[in-house]
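This is what each chain is made of:
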Amino acid sequence: MVAAFPVEDFQRMSTDSPPRILRPKRAAPADAVRPTRAEVNLGNLRHNLRVLRKSTPAGIYAVLKADAYGHGAPAVARTLERAQVDGFAVALLEEAIELRNAGITRPVLVMGGYYGKAWDEVLASNVTPVIYDAAQIEGLALAVRYAGAAPVLAHVKIDTGMSRLGVRPNELTRILDALHRFPEVKLDGLMTHFACADDRAGSSVHDQLRIFDRATAVVRENGFTPRVRHAANSAALLLGTADGLDIVRPGIALYGVAPTSGVGEDLRAVMRVRSEIVALRDLEIGESAGYGWSWTAQRPSVLATVPIGYADGLPRALSNKGHFLVRGHRAPIVGAVSMDMVMIDVTDIPAAALRDEVVVLGSQDGPQGRLSVTTEDLAAWAGTIPWEILTNVSRRVPRFYREP
Ligand SMILES: *Cc1c(COP(=O)(O)O)cnc(C)c1O
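Residues numbered from 1 in each chain as written. Predicted model: local features only at pLDDT ≥ 70, side-chain atom pairs only at ≥ 80, totals over all residues. Heavy atoms only, no water.

1. Comments concerning the overall build of the protein
In step 1: Within the protein one finds 12 helices and 23 strands.
In step 2: In terms of overall dimensions, the protein is globule-like: its C-alpha atoms have a radius of gyration of 24 Å, near the 22 Å expected for 404 residues.
In step 3: Based on the C-alpha atoms only, the size of the protein along its principal axes is roughly 80 × 50 × 40 Å.
In step 4: For the protein, with 404 residues in total, the buried portion stands at 55%. (Helix = DSSP H or I, 4+ residues; strand = E, 2+ residues; numbered from the N terminus. Rg over C-alpha atoms; globule rule 2.2 N^0.38 Å. Buried < 20%, exposed > 50% of the residue type's maximum accessible area, 1.4 Å probe, protein only.)

The following block contains the structure:
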């Protein structure tokens, strides 16, 4: 059975039905008048979790920052929690609270490390803060004291070379002193993050891991016994360059995108973006199209207008670059991508008609078999990375969840 419905207002089906299927409380036509939508295949998400499980004995903390890379964090989290994922990792405290509000009970790690003065929120939502300086430990500890709460488990982030966030190894003792002074904060985990995780030879990963090991030794010499250590993102996990730690933090691979070439062939894309042809026109040789007239017909041409634009997350860099799929054929993008629309050349697809499905991202079956436009394709055409393609799919594109 296929169920497709918008993200808002879904609820569990009654108890005699399979619990994992979500059903809309009401149809949300306002979200779905325009035929442009992102279909999120939750079966493929579960498949990808299984693929990653086979790749590592470590616990899996699914990375759900940025609204689960654009897929919709509540639905993704619920699906993965039912599939027994070990925990979740997000960037913001706000994102962690969103997961708790969605009923998520597994551990939620807040990786970004900015809490402002919202320590009470950290306690109330029972999330796991990542910390890297002594002031954070003090702030958290005082909130625990004031609330008369149980000690909070925190993960300390070590900067082993990314030079972005985390305590520098030479300043580790300051953190450890603070942890001694404030027993309200318990060191539960140690983490770091790789700068070049897609480095196949893994030499920079090994350098960072050596620093991480030395920092771990210092932590232990000071009487702390972190329960878990973690470092690997999707690339390090699939390349196997950082094996032996307790937890892995895959993001992009869960969504079916190989983080680097040559790995993750059995992952399945989770998001498909589709629209429809809403207008067609014939152009004579020499007629131009779109803002700036950046494309001019070199032959009698048929252009189709597709209601998706840069405000939906379609990169403007795709102007006159790449293609969509119509009737199982490739239809090149022509002219400038505008805010709400873009044109494609369907001259070579004579049967192309109004309301035909247009696949922007994903596969379509046709006379040539199954053709696909992958997240990697879009990223390469636009000169960016798949992470940016997925996280840019904007709020305006309704997410429809599909259970195969
Ligand atoms: C985003 C992120 C991840 C996940 O990275 P992917 O490449 O998407 O697997 C892991 N750890 C940290 C700290 C991150 O910021």
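2. Structural notes on unusual backbone geometry
In step 1: Positive phi, normally seen in glycine, also occurs at Tyr-69, with a value near 50 degrees.
In step 2: Along the chain, Tyr-69 falls in helix α3 (residues 65-69).
In step 3: A positive phi angle is found at Trp-293, which is not glycine, with a value near 45 degrees.
In step 4: With respect to the helices, strands and loops of the structure, Trp-293 is situated in the loop between β15 (288-289) and β16 (295-296).

3. Quick look at the environment of Arg-227
In step 1: Among the structural elements, Arg-227 can be located in the loop between α9 (203-221) and β11 (228-230).
In step 2: Sequence spacing of Arg-227 and Leu-190 is 37 residues, and the spatial spacing of their C-alpha atoms is 8.4 Å.
In step 3: In contact with Arg-227, not counting residues within four places along its chain, are Asp-188 and Asp-246.
In step 4: Side-chain polar atoms of Arg-227 contact the side chain of Asp-188, separated by 2.8 Å. (Contact = heavy atoms within 4.5 Å. Polar contact = N/O pair within 3.5 Å; in protein donor to acceptor, adjacent residues only side chain to side chain.)

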